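# Observations on chain architecture
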Amino acid sequence: MALGACQLSPKTATQNGFRGTGMDHVTLTKVAMAKDEVPAPPYDPPATDGQRAKEVYQNVQVLGDESADQFNYTMAAITQWVAPQQGCNYCHNPENMASDELYTKVVARRMLQMTRNINHNWKQHVAATGVTCWTCHRGNPVPANYWTMPTEGPKGIIGNRHGQNNPVPESAFSSLPNASLAVYFTGDPKVDQNIRVQSTGLHPSAANKTSIMATEDSYAVMMHASQSLGVNCTFCHNTQSFQNWDISTPQRAKAWYGIRMVRQTNGEYMTPLASVFPANRKGALGDTFKVSCATCHQGKNKPMGGAQMAKDYHALWGEPSPASLTPAPAAAPAVGAPAR
């Protein structure tokens, strides 16, 4: 019982810096070495020229700028990625493929916009690797890793635990607040919400509002990120000063963009679908399933070990339609060279 919160599986430690500095990278060997399934394209990628999809098919609102051949190729891949058992009928009425009567088609359309937005506007995080539907879904209609708002605990001075001591995956099964993801992964994507756990002054003031409660939320999110990527704190931070960007690793800047990418994805693409999803696709409080670091990464610092699936799917790199409401941040704080 004393070891219940420990991960007992084999680990690999790699020294990153001088001995004694606490800059070892610890990796769960079983997860890091596991080979991910990466499905091949349904057939050889077709040409991008020729008649446009919107000229051939009705009600093509997102991929209409692609060639008809590219459109069909992408649809075949999406079926394999999301609904291999259900097939095309998971989203379409076979008697009227243009119909929007199934909610799954409305959701899929918005998810295509989301994918294009990530690949087009968030290269600071996904780079040239990009994402596809498979990155999250892995052959399932609903991704294995999602989160919703937790229900409130018992009321009263004695019974109210403020979301603590209620281990959930979203806080890495810790005793920290179980709604911490909502603080940083939801809300208005145009309002930045920096993760800070160190006070900037001795006394509270208008410019210094960091509290113990904010610190606990930050730790919970950091533990979530570490578990989701299968890494420890030194993957992004330097133990000499966790706050100092000058001596942080380059991965910290990627994570900075990733957190904002997740917030925008939830704020602009997932939460607005609340009126579309049925009750069985919502949380206990009626909110939509939302994404987190775990949704894509699934235990690895690079989803699927960095496999570049998206390069074979021209349609997933197009201009978002309509364009995203919020541009990506201009730049993360500058980081120093990796620790030596």
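Relevant structure appears above.
This text gives an overview of the structure that appears in the document. None of the values given here were measured: they were computed from a predicted structure. (Residues numbered from 1 in each chain as written. Predicted model: local features only at pLDDT ≥ 70, side-chain atom pairs only at ≥ 80, totals over all residues. Heavy atoms only, no water.)

Our next topic: the overall build of the protein. Summing up its helical and strand segments, the protein has ten helices and two strands in all. Secondary structure elements of the protein occur, N-terminal to C-terminal, as β-β-α-α-α-α-α-α-α-α-α-α. Contacts in the protein between residues at least 24 apart in sequence constitute 69% of all its contacts with a sequence separation of at least 6. Carbon and sulfur atoms form 58% of the exposed surface of the protein, whose accessible area is close to 18300 Å². (Helix = DSSP H or I, 4+ residues; strand = E, 2+ residues; numbered from the N terminus. Contact = heavy atoms within 4.5 Å. Areas by Shrake-Rupley, 256 points an atom, 1.4 Å probe, with all protein chains shown as cover.)

The biggest cluster of nonpolar side chains holds 21 residues, and the ones touching the most others in it are Leu63, Ile78, Trp81, Val82, Leu112 and Tyr313. Breaking this core down by element, the ones donating at least two residues are α3 (68-82) and α6 (133-137). At six residues, the largest contribution of residues to this core is made by α3. Contacts of Val82, omitting those with residues within four sequence positions, involve Tyr90, Cys133, His137, Gly139, Asn140 and Pro141. With 17 residues, the next largest nonpolar core counts Met111, Ala253, Trp256 and Tyr269 among its residues. (Core = buried A, V, L, I, M, F, W, Y, C linked by side-chain atoms within 4.5 Å. Buried < 20%, exposed > 50% of the residue type's maximum accessible area, 1.4 Å probe, protein only.)

Here we come to helix α8 (residues 212-229). An ideal rise of 1.5 Å per residue puts 26 Å on 18 residues; α8 measures up with 26 Å between its terminal C-alpha atoms. Of all the positions in α8, only Thr215, Asp217, Ser218, Ala220, Val221, His224, Ser226, Ser228 and Leu229 are classed as buried. Lining the buried residues of α8 we find α7 (180-185) and α10 (293-297). (Expected span 1.5 Å × (residues − 1).)

Before going further, it helps to spend a moment on the packing of aromatic side chains. Taken as a whole, this structure holds seven aromatic pairs when the rule is applied. With centroids separated by 5.2 Å and ring planes inclined at 20°, the aromatic side chains of Tyr73 and Tyr313 adopt a geometry described as stacked. One end of the pair, Tyr73, is in helix α3; the other, Tyr313, is in the segment after α10, with 240 residues separating them in the sequence. For Tyr73, a relative accessible area of 0% corresponds to the buried category. By relative accessible area, which is 1% here, Tyr313 ends up buried. (Phe/Tyr/Trp six-rings, centres within 6.5 Å; stacked < 30°, edge-to-face > 60°.)

When you line up the elements, Arg260 lands in helix α9 (residues 250-270). Judged by relative accessible area, Arg260 falls into the buried class, the value being 7%. At 2.9 Å, the side chain of Arg260 forms a polar contact with the backbone oxygen of Trp256. (Polar contact = N/O pair within 3.5 Å; in protein donor to acceptor, adjacent residues only side chain to side chain.)

Under the definition given, this model contains zero disulfides. With no disulfide partner, Cys136 has as its closest neighbouring cysteine sulfur the one in Cys296, 3.4 Å distant. Judged by relative accessible area, which is 15%, Cys136 ranks as buried. Cysteine Cys293 shares no disulfide, and the gap to the nearest cysteine sulfur, in Cys296, comes to 9.2 Å. (Disulfide = S-S within 2.5 Å.)

This next bit is on the pattern of salt bridges. Any two side chains of opposite charge can pair, on the condition that their charged atoms come close. For the structure shown, the criterion picks out eight salt bridges. With a shortest N-O distance of 3.1 Å, Asp65 and Arg116 are connected by a salt bridge. Of this pair, Asp65 sits in the loop between α2 (53-56) and α3 while Arg116 sits in helix α4 (residues 103-121), placing them 51 residues apart in sequence. The class for Asp65 is partly exposed, based on a relative accessible area of 36%. One salt bridge connects Asp100 with Lys105, and the closest N-O pair in it is separated by 3.2 Å. Linked by salt bridges that have partners in common, Asp36, Arg138 and Lys300 make up one network. (Salt bridge = Lys/Arg side-chain N within 4 Å of Asp/Glu carboxyl O.)

The periodicity of an α-helix, 3.6 residues per turn, causes residues three or four positions apart to be oriented the same way. Compared with an ideal rise of 1.5 Å per residue, which puts 21 residues at 30 Å, α9 spans 29 Å between its outermost C-alpha atoms and is within 8% of the ideal. Counted residue by residue, α9 has 16 buried out of 21 residues, so it is predominantly covered.

Bringing the packing of α4 against α9 into the picture now. It is at 11 Å that the axes of α4 and α9 come closest, and there the two elements cross at 155°. Comparing their axes, α9 and α4 come out roughly antiparallel. Our pair here, α4 against α9, has a crossing hand that is right-handed. Of the residues in α9, those in contact with Arg110, Met111, Gln113, Met114, Asn117 and Ile118 of α4 are Met261, Gln264, Thr265, Glu268, Tyr269 and Met270. (Axes fitted to C-alpha atoms, helices over the stretch in contact; angles between N-to-C directions. Parallel < 35°, antiparallel > 145°, perpendicular 65-115°, else oblique. Left-handed = near helix turned anticlockwise from the far one by under 90°.)

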